Amino acid sequence: MGQKVNPVAIRLGIVKQCLGRWYAQKKEYADTLLADLKVREFLRKRLAAAGVSHIQIDRPARNARVTVYAARPGVIIGKSGREVESLRDEISKIVKVPVHVSIEEVRKPEIDARLVAEGVAQQLEKRVMFRRAMKRAVTSALRAGALGVKISVSGRLGGAEIARTEWYREGRVPLQTFRADIDYALAEAHTTYGVIGVKVWIFKGEVIGDKDSSTPPAEKNAKQEK
């Protein structure tokens, strides 16, 4: 039978980078990892309205650097940057070291798997038809430059008594090609009937050669076609 793995995890070191960059001795490793998980959970709850894509945590020499990538950075920064200061103080209490917090904007939220998955989940909670929500998200992603999108929803769709899985795909999503830059995310819609899981795969292009290049693969492919 087919063995399913996380598309992001299998590509670490090939076309993807770890979201936590630090080294710890054996005795400190578990506590450091737990602190990272607490910081991520805290930020996702606190900044739910800002559309947080991912959180990068670096720990250089008894310090911590937290970078939050969000679709709406203005919501996080607030008036005269006071929100960032309070965030920094609260994160420092969790990690117990000095923290530097920076906010980065996600240029194209339409092709960010987590933001797309959360968007579909929010629509399902508002009782939008799941097929319409899926097709709208796929169309937006392809228009924004994605080469392929697949969305899968699973649960009591439309309030049916028997749970089922429905999926919709446009373009190509080559999961077995390691050099393919595929963004993947899972979100949950908490409806009155129960939990509906939303999975999103977005294929942005193949990374050949310099994987650290600042140009996104989707834009590279568009330039090559021209």
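See above for the structure.
Bear in mind that the values here come from a model prediction, so they are computed numbers and not experimental data.

Chemist: Run through the overall build of the protein, naming residues and quoting values.
Modeler: Check the secondary structure of the protein and you find six helices and eight strands. Helices and strands in the protein line up, N terminus first, as β-α-β-β-α-α-β-α-α-β-β-β-β-α. Relative to the 2.2 N^0.38 estimate, which gives 17 Å for 226 residues, the radius of gyration of the protein is 19 Å and therefore close to what a compact globule would have. Seen along its three principal axes, the alpha-carbon backbone of the protein occupies a region of about 50 × 45 × 45 Å. Here the protein, with 226 residues, has 39% of them falling under the buried criterion. If you take every contact in the protein between residues at least 6 apart in sequence, the share linking residues at least 24 apart comes to 60%. Counting only carbon and sulfur atoms, one obtains 51% of the accessible surface of the protein, whose full area is about 13900 Å².

Chemist: Give a description of the packing of aromatic side chains that names residues and reports values.
Modeler: Given two aromatic rings, one states the distance between the centres and the angle between the planes to describe the pair. Using the criterion set out here, one finds two aromatic pairs in the structure. Their ring planes at 50 degrees and their centres at 5.4 Å tell us that Trp22 and Tyr29 sit as a pair that is tilted. Of the residues examined, Tyr29 reaches a relative accessible area of 43% and is grouped as partly exposed. Each ring, one from Tyr184 and one from Trp201, has its centre 5.4 Å from the other, and the planes form 45 degrees; the classification is tilted. One end of the pair, Tyr184, is in strand E7 (residues 180–190); the other, Trp201, is in strand E8 (residues 195–206), with 17 residues separating them in the sequence.

Chemist: Any details on the nonpolar core? Residues and values, ideally.
Modeler: Leu124, Ile151, Val153, Val198, Val200 and Ile202 are the most contacted members of the largest nonpolar core, which totals 26 residues. Those elements giving two or more residues to this core turn out to be helix H4 (113–125), helix H5 (130–143), strand E5 (148–155), E7 and E8. When residues no more than four places from it in sequence are discounted, the contact partners of Val198 are Ala117, Val120, Ala121, Leu124, Ile151, Ser152, Val153, Ala185, Leu186 and Ala187.

Chemist: Report on the layout of surface pockets, specifying residues and quantitative values.
Modeler: Sizing a probe to match a water molecule and rolling it over the atoms shows the empty space that remains. Of the volumes computed, that of the second largest pocket is approximately 580 Å³. In this structure, the second largest pocket is lined by 23 residues; those nearest its centre are Lys4, Val5, Pro7, Leu175 and Trp201. When residues of the lining of the second largest pocket are traced back to their parent elements, those giving at least two are E5, strand E6 (164–171) and E8. Of the residues in the lining of the second largest pocket, the class split is eleven nonpolar, eight polar and four charged.

Chemist: Explain the side chain of Arg11 to me, and be specific about the residues and the numbers.
Modeler: Tracing the chain through its elements places Arg11 in the segment before strand E1 (20–21). Here Arg11 sits buried without a salt bridge, and the closest side chain of opposite charge, Asp181, lies 6.7 Å off (N-O distance). From its side chain, Arg11 meets the backbone oxygen of Leu175 in a polar contact 2.9 Å long.

Rules of the game
Residues numbered from 1 in each chain as written. Predicted model: local features only at pLDDT ≥ 70, side-chain atom pairs only at ≥ 80, totals over all residues. Heavy atoms only, no water. Helix = DSSP H or I, 4+ residues; strand = E, 2+ residues; numbered from the N terminus. Rg over C-alpha atoms; globule rule 2.2 N^0.38 Å. Buried < 20%, exposed > 50% of the residue type's maximum accessible area, 1.4 Å probe, protein only. Contact = heavy atoms within 4.5 Å. Areas by Shrake-Rupley, 256 points an atom, 1.4 Å probe, with all protein chains shown as cover. Phe/Tyr/Trp six-rings, centres within 6.5 Å; stacked < 30°, edge-to-face > 60°. Core = buried A, V, L, I, M, F, W, Y, C linked by side-chain atoms within 4.5 Å. 1 Å grid on protein atoms, 1.4 Å probe; cavity = no way out; pocket = protein on both sides within 12 Å on 5 of 7 lines; lining within 4 Å. Points joined across faces, edges and corners; volume = space filled by probe spheres on them. Nonpolar A, V, L, I, M, F, W, Y, C, P; charged D, E, K, R; others polar. Lys, Arg positive; Asp, Glu negative; His and termini not counted. Salt bridge = Lys/Arg side-chain N within 4 Å of Asp/Glu carboxyl O. Polar contact = N/O pair within 3.5 Å; in protein donor to acceptor, adjacent residues only side chain to side chain.

Note that every value here comes from positions in space, so none of it alone points to a role or purpose.
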